[in-house]
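Coordinate inspection notes
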Amino acid sequence: KLVLLGSNGSGKSTLLRILAGLYFAKGEYFFDGIKITKKSVNKEFRKKIGILFQNPESMIFNTSVFDEIAFSLREFGFSDIEDRVIEIAKKFNIEKLLKKSPLNLSGGEKQKMMLASILVYEPKLLLLDEPSMGLAPVVVEEIFGVIEELKKSGTTISIVEQNAFLALNISNRTYVLENGSIVMSGNSKDM
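The following paragraphs examine the structure supplied in this document. Predicted, not measured: the structure shown is a model, and the values here were computed from it. (Residues numbered from 1 in each chain as written. Predicted model: local features only at pLDDT ≥ 70, side-chain atom pairs only at ≥ 80, totals over all residues. Heavy atoms only, no water.)

Let us now look at the pattern of salt bridges. Taken as a whole and judged by the stated rule, the model has nine salt bridges. The shortest N-O distance in the salt bridge between Lys 124 and Asp 32 comes to 2.9 Å. Of this pair, Lys 124 sits in the loop between α5 (107-119) and β5 (125-129) while Asp 32 sits in the loop between β2 (30-31) and β3 (34-35), and the two are 92 residues apart along the sequence. Relative accessible area serves as the criterion here: at 40%, Asp 32 is assigned to the partly exposed category. (Salt bridge = Lys/Arg side-chain N within 4 Å of Asp/Glu carboxyl O. Helix = DSSP H or I, 4+ residues; strand = E, 2+ residues; numbered from the N terminus. Buried < 20%, exposed > 50% of the residue type's maximum accessible area, 1.4 Å probe, protein only.)

This part takes up the sheet that holds strand β4 (residues 49-52). Pairing in this open sheet of six strands is mixed, and the strands run β4-β5-β6-β1-β7-β8 from one edge to the other. Every interior strand has two partners, whereas the edge strands, β4 and β8 (181-187), have only one. Direction aside, the axes of adjacent strands within the sheet are offset by 15° on average. The pairing of strand β7 (residues 173-178) with β8 spans six bridges and is classified as antiparallel. The partner of Val 176 across the bridge, within β8, is Met 184. Against the sheet, α5 engages β4 and β5, with an angle of about 170° to β4. Helix-sheet contacts for helix α6 (residues 137-150) involve β5 and β6 (156-160), and the interaxial angle to β6 is about 145°. (Pairing = 2+ DSSP bridges. Axes fitted to C-alpha atoms, helices over the stretch in contact; angles between N-to-C directions. Contact = heavy atoms within 4.5 Å.)

Structural data, given as structure tokens:
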């Protein structure tokens, strides 16, 4: 579990997008022993990685909360879609919203829905880009509570977060970026 800190424009979000196979840059990296290239970023790769963007509205394209959460399950060929959607909706306390349009949700509800839509297919790598941005403290506590539970599941989590206190409390390692380079790193508890 690691956190990426740095000022705006330091490269944190870009790094997450590179790890998710959305951007490609100089250099190389490997995931599950496979060099990540445009060719290796396929459905199987996508199933192993979940990315939450800063703005949840940029990720919404279904007509109901249920369909938004179920989308990846359908794409990846899961058979127990309804059970999984209901279970994750309960975990995020949004089960009463499943028939609503995602566009009519509050910012916190949208963020919980988008995180639920990622966690529902149990990715091995979770990339979170400012998951607490603009949210009420009670929603942030709820989201980070779920993230804290993931620490026990073996999911690798990378968080870009402006709230350093939150991020440092949930991570093992911290990296500080400046102009696209790591300028400091260490154990989160020591920083």
